[in-house]
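Letter by letter, the chains look like this.
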Amino acid sequence: MIHMTQVPQRRPVHHHSGAAPTAPPRARRRPTSQQWAAWGFLTPVTLYLVLFYAYPLYRNIDLSLRNYTVRSFVQGDAPFTGFANYRTVLDDPTFAPALLHTVVFTTVCLVFQYAIGLALAVFFNQRFRLSATLRALFLVPWLLPLIVSASTWSWMLNSDSGVVNAVLHAVSIGPVNWLTAPGWSLASVIIANIWIGVPFNLVVLHSGLQSIPASLYEAAALDGANAWQRFWRITFPLLRPVSAITLLLGLVYTLKVFDIIWIMTKGGPADSSTTFATWSYQLGFGNLLPAFGPGAAVGNLLVVAALVFGLVYVRVQRKQALS
């Protein structure tokens, strides 16, 4: 006979009405030494970002939304005007030329800085004698203070005693008013800024070339690919991530270029080389009656433009990572 053993039934647990079962309280974990070290390293960076980025940006936004004068700037009782300063900037006749000059200045500088920097990076990647020495010499424009570089270009492009016009005269070409003619002033500051920005592109792109395996070039050469095909099929595609960050940093830097333009032309003549950066300074500090609000509004337009391009870069990088 098979004996059946009955399992005693568990009594249901009755909870008091309106009260849910609670888990036993957990003891709070104390921060470990590694967590304290992480906070220690993070605190200086956070303070730096708050003091030198977040707070100035907040102050600039506040300036653009109020009617600040010299008195109210000191006493801090400027009335709130909303977007009136932005409407003033958009209705100003200087807005359209300054926008055009900013776009032309930024685009032309980026294209030539990247193209020349990439060509030099490929050239110095060949590892020949004196390669490191010549590459170090190309870094001189990048290491010089901007005031020195801009002053040097102002002297070189001087209409009367400049070395550029002296060379043109030697080849029977008439002098050019590089800095005083409305048709040449923007081109002059573009040339100077390209010269200053090429070394940065050279350094970053050359470091990117170092990460491309030499075996890929050897395999392509065995397959019969010439130099142009190796560059277009291997170098350029594998260099896209480095190229993207190089162009983004160059864009942010070029949008806010002020020193070179102000020292060489002060945005003139007749606003022919005025960009948003120089116009913002002129509004805020270049007049006897400074317009702090409109000047801050122009500066915020530059911040928004840089932010938009930064978000586009992040979006493109995220899509490439997911694909």
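Residues numbered from 1 in each chain as written. Predicted model: local features only at pLDDT ≥ 70, side-chain atom pairs only at ≥ 80, totals over all residues. Heavy atoms only, no water.

S.K.: Give me the overall build of the protein chain: which residues, what numbers.
M.R.: Helix and strand counts for the protein chain come out as 15 helices and 0 strands. What you see for the protein chain is a C-alpha radius of gyration of 30 Å, clearly larger than the 20 Å of a compact globule of 323 residues, by over 25%. For the protein chain, the C-alpha atoms occupy an extent of roughly 125 × 75 × 35 Å along the three principal directions. Out of the 323 residues in the protein chain, the part that is buried amounts to 33%. Contacts in the protein chain between residues far apart in sequence, at least 24 positions, make up 64% of those at least 6 positions apart. Accessible area for the protein chain stands at about 21900 Å²; split by element, carbon and sulfur atoms hold 67% of it. Positive and negative side-chain charges of the protein chain, numbering 21 and 9 respectively, have mean locations separated by a distance of 24 Å. (Helix = DSSP H or I, 4+ residues; strand = E, 2+ residues; numbered from the N terminus. Rg over C-alpha atoms; globule rule 2.2 N^0.38 Å. Buried < 20%, exposed > 50% of the residue type's maximum accessible area, 1.4 Å probe, protein only. Contact = heavy atoms within 4.5 Å. Areas by Shrake-Rupley, 256 points an atom, 1.4 Å probe, with all protein chains shown as cover. Lys, Arg positive; Asp, Glu negative; His and termini not counted. Charge placed at Lys NZ, Arg CZ, Asp CG, Glu CD.)

S.K.: Break down unusual backbone geometry for me, citing the residues and quoting the values.
M.R.: Cis peptide bonds are those with omega within 30 degrees of zero, and the linkage from Gly268 to Pro269 qualifies with 0°. Here Pro269 is to be found in the loop between α13 (259–264) and α14 (276–285). For Lys266, which is not glycine, the phi torsion reads 55° and is therefore positive. Structurally, the position occupied by Lys266 is in the loop between α13 and α14. Here the phi dihedral of Ala270 falls at roughly 55°; this positive angle occurs in a residue that is not glycine. Residue placement: Ala270 occurs in the loop between α13 and α14. Looking at Ala270, the relative accessible area reads 75%, which means it is exposed.

S.K.: Describe helix α7 (residues 146–156), and please don't skip the residues or the numbers.
M.R.: For α7, the set of buried residues is Ser149, Ala150, Trp153 and Ser154. With its buried residues spanning 135° around the axis, α7 presents them on a single face. With respect to the buried face of α7, the exposed residues turned more than 90 degrees away are Ile147 and Trp155. Lining the buried residues of α7 we find α6 (140–143), α9 (185–210) and α13. (Arc of directions from axis to C-beta.)

S.K.: Go over the pattern of salt bridges with me, naming the residues and quoting the values.
M.R.: Within the structure shown, the criterion is met by 2 salt bridges. For Arg59, the salt bridge identified is with Asp62, shortest N-O distance 3.5 Å. Of this pair, Arg59 and Asp62 both sit in helix α1 (residues 33–64), separated by 3 residues, roughly a single helical turn. Note on Asp62: relative accessible area 13%, which makes it buried. Linked by salt bridges that have partners in common, Arg59, Asp62 and Arg66 make up one network. (Salt bridge = Lys/Arg side-chain N within 4 Å of Asp/Glu carboxyl O.)

S.K.: Which residues make up the side chain of Gln282, and what values do they have?
M.R.: Looking at the secondary structure, you find Gln282 in helix α14. If we skip the residues at most four places from it in the chain, Gln282 touches Trp262, Lys266, Asp271, Thr274 and Asn287.

S.K.: Hey, could you go over the packing of aromatic side chains for me, with residue numbers and the actual values?
M.R.: Under the defined criterion, the tally for this structure stands at 20 aromatic pairs. Ring centres 6.2 Å apart and planes at 35° place the aromatic pair Phe276 and Trp279 in the tilted group. Here Phe276 and its partner Trp279 are both found in helix α14, 3 residues apart, which amounts to about one turn of the helix. Grouping residues by exposure puts Phe276 and Trp279 together as buried. Put simply, the rings of Phe258, Trp262, Tyr281, Phe285 and Phe292 pair up and form one aromatic cluster. (Phe/Tyr/Trp six-rings, centres within 6.5 Å; stacked < 30°, edge-to-face > 60°.)

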